[in-house]
Amino acid sequence: MGLALSGQLGLYIHPRYFAFTIVMAVVGGLFAVAALALARPAAPRGRDDEGGHDHPEHRGPDAAGGTPVGRRTLDAVISVVTIVAAAVAMLAFPPATLTAQTAVQRDIDRTAADLSGDAPSLTGADPSTFTVKDWALLLAQNDDPSAFEGQVASLTGFITPAPGNPDDLFYVARFSITCCAVDAQPVGVPVYLDGWKEQFSADDWVDTAGGFAVHPGSGEELVLLPDEIVPTVQPEQPYVF
């Protein structure tokens, strides 16, 4: 609930699961409170009405140490304390987004081809509305330079080194989430900029725009040739869906 109220739930799960997660959190909290309320100690048994003497042979399980009820009460208290402590910890230590290192470990240069969904059409579309994921899918499904002639891509993402960490190539990347952060897959557009490490570092968020052409050095893959690259701040929703 704390993450939902603070607007950070999207750093963990896909927005389609917001309602379900919030409802289940409320239900779980109500059950914990109900368990604590119902775990009340039973009245002592096995005591004479007149003399007030205690007869061990007449004691029930609760009277002989009161362990069953005591354990129920203790378990309920521990559950509530655990829930409250977890909520406080999440608010006190805000979650961090996934990093460039994770993108490299999850093979950013290959994951676009494995993503579900079709690439958007360039015919009659407004490329200014395309996300990093859209452009990554387009590049993965069509390597013909003529298909991108005259197209200008405007991208916002974080810098991820290309495989081999070359000085002239990096990715402008985002993570695509299907369910939650555990299944997040990196998607990125390769950007050609000689000496990029002198201006930027991995995990820097940038805005960039430019057209596509064959890599000037290798002459193989299509890359973005940026007209500009400027630092920016991480957006409120860093993931794409």
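Residues numbered from 1 in each chain as written. Predicted model: local features only at pLDDT ≥ 70, side-chain atom pairs only at ≥ 80, totals over all residues. Heavy atoms only, no water.

Undergrad: Got a minute to help me understand the overall build of the protein chain in this structure?
TA: When its secondary structure is counted, the protein chain shows six helices and six strands. Buried positions account for 33% of the 241 residues belonging to the protein chain. Within the protein chain, residue pairs in contact and separated by at least 24 positions form 61% of the contacts whose partners lie at least 6 positions apart. A total accessible area of about 13900 Å² is found for the protein chain, and carbon and sulfur atoms account for 57% of it. (Helix = DSSP H or I, 4+ residues; strand = E, 2+ residues; numbered from the N terminus. Buried < 20%, exposed > 50% of the residue type's maximum accessible area, 1.4 Å probe, protein only. Contact = heavy atoms within 4.5 Å. Areas by Shrake-Rupley, 256 points an atom, 1.4 Å probe, with all protein chains shown as cover.)

Undergrad: What's the story with the environment of P226 in this structure? I'm lost.
TA: Tracing the chain through its elements places P226 in strand β5 (residues 222–231). For P226, a relative accessible area of 21% puts it in the partly exposed group. Linking P226 and V191, residues 35 residues apart in sequence, is a C-alpha distance of 7.1 Å. With near-sequence residues (within four places) excluded, P226 lies in contact with V191, Y192, T208, A209 and G210.

Undergrad: What's the story with unusual backbone geometry in this structure? I'm lost.
TA: Generally, phi is negative for residues other than glycine and the peptide bonds are trans, each holding for most cases. A positive phi angle, close to 60 degrees, is found at D107, a residue other than glycine. In this structure, D107 sits in the loop between α4 (100–105) and α5 (108–111). Judged by its relative accessible area of 29%, D107 falls in the partly exposed class. Positive phi is not limited to glycine here, since D203 has a value of about 85 degrees. Note that D203 resides in the loop between β3 (185–192) and β4 (205–214).

Undergrad: Mind showing me how you'd approach the packing of aromatic side chains here?
TA: The relative placement of two aromatic rings is captured by the distance of their centres and the angle of their planes. Evaluation of the coordinates by the stated rule reveals six aromatic pairs. Here the aromatic rings of W135 and F212 are separated by 5.2 Å at their centres, their planes lie at 40 degrees, and the arrangement is tilted. With W135 in helix α6 (residues 132–141) and F212 in strand β4, this pair connects stretches of sequence that are 77 residues apart. Each member of the pair W135 and F212 is classed as buried. (Phe/Tyr/Trp six-rings, centres within 6.5 Å; stacked < 30°, edge-to-face > 60°.)

Undergrad: Help me understand the pairing of strand β1 (residues 153–161) in this model?
TA: Side-chain positions along a regular strand alternate between the two faces of the sheet. For β1, the tally of buried residues reaches seven of nine residues, placing the bulk of the element in the interior. Examined bridge by bridge, β1 and β4 share six bridges and lie antiparallel to one another. From the neighbouring strand, T156 faces β4, where its bridge partner is D207. (Pairing = 2+ DSSP bridges.)

Undergrad: Help me out: how do you make sense of α6 in this one?
TA: The periodicity of an α-helix, 3.6 residues per turn, causes residues three or four positions apart to be oriented the same way. Among the 10 residues of α6, eight are classified as buried, and the element is accordingly described as predominantly covered. Within α6, burial applies to V132, K133, D134, W135, A136, L137, L138 and L139. Packing partners of the buried residues in α6 comprise β1, β2 (169–176), β3, β4, β5 and β6 (239–240).

Undergrad: Got a minute to help me understand the nonpolar core in this structure?
TA: Across soluble globular proteins, nonpolar side chains show a tendency to be buried alongside one another. Counting residues in hydrophobic clusters, the biggest one holds 27 residues, and the most contacted among them are W135, F148, L155, F170, V189 and F212. Counting 14 residues, the second-largest nonpolar core is a separate cluster that includes A103, F175, I177 and A184. (Core = buried A, V, L, I, M, F, W, Y, C linked by side-chain atoms within 4.5 Å.)

Undergrad: Looking at this structure, I do not really get the side chain of K133. What am I missing?
TA: Looking at the element boundaries, K133 is found in helix α6. Here K133 occupies a buried position and makes no salt bridge, while the nearest side chain of opposite charge, D134, is found at 6.9 Å. Here S176 takes part through its side chain, which lies 3.4 Å from a polar atom of the side chain of K133. (Lys, Arg positive; Asp, Glu negative; His and termini not counted. Salt bridge = Lys/Arg side-chain N within 4 Å of Asp/Glu carboxyl O. Polar contact = N/O pair within 3.5 Å; in protein donor to acceptor, adjacent residues only side chain to side chain.)

Undergrad: Just to check I follow, could you spell out the confidence of the model for the protein chain for this structure?
TA: Any region with low pLDDT has predicted coordinates that should not be read closely. Within the protein chain, residue pLDDT values average 77, and 61% of them lie at 70 or more. Across residues 61–65 the pLDDT falls below 50, and counting only partners more than four positions away or on other chains, this stretch makes 11 contacts in the model. (pLDDT = per-residue confidence, 0-100.)

Undergrad: Sorry, what's going on with the side chain of R174 here?
TA: Tracing the chain through its elements places R174 in strand β2. At 3.2 Å, the side chain of R174 forms a polar contact with the backbone oxygen of Q237. Among the polar contacts listed, one links the side chain of R174 to the backbone oxygen of P238, at a separation of 2.7 Å.

Undergrad: Quick question: what am I supposed to make of the pattern of salt bridges here?
TA: When charged atoms on two side chains of opposite charge get close, those side chains can pair. As enumerated under the stated definition, the model contains two salt bridges in all. Here K197 and D167 are joined by a salt bridge, their closest N and O atoms 3.1 Å apart. In this pair, K197 sits in the loop between β3 and β4 while D167 sits in the loop between β1 and β2, placing the two residues 30 residues apart along the sequence. For D167, a relative accessible area of 46% gives the class partly exposed.

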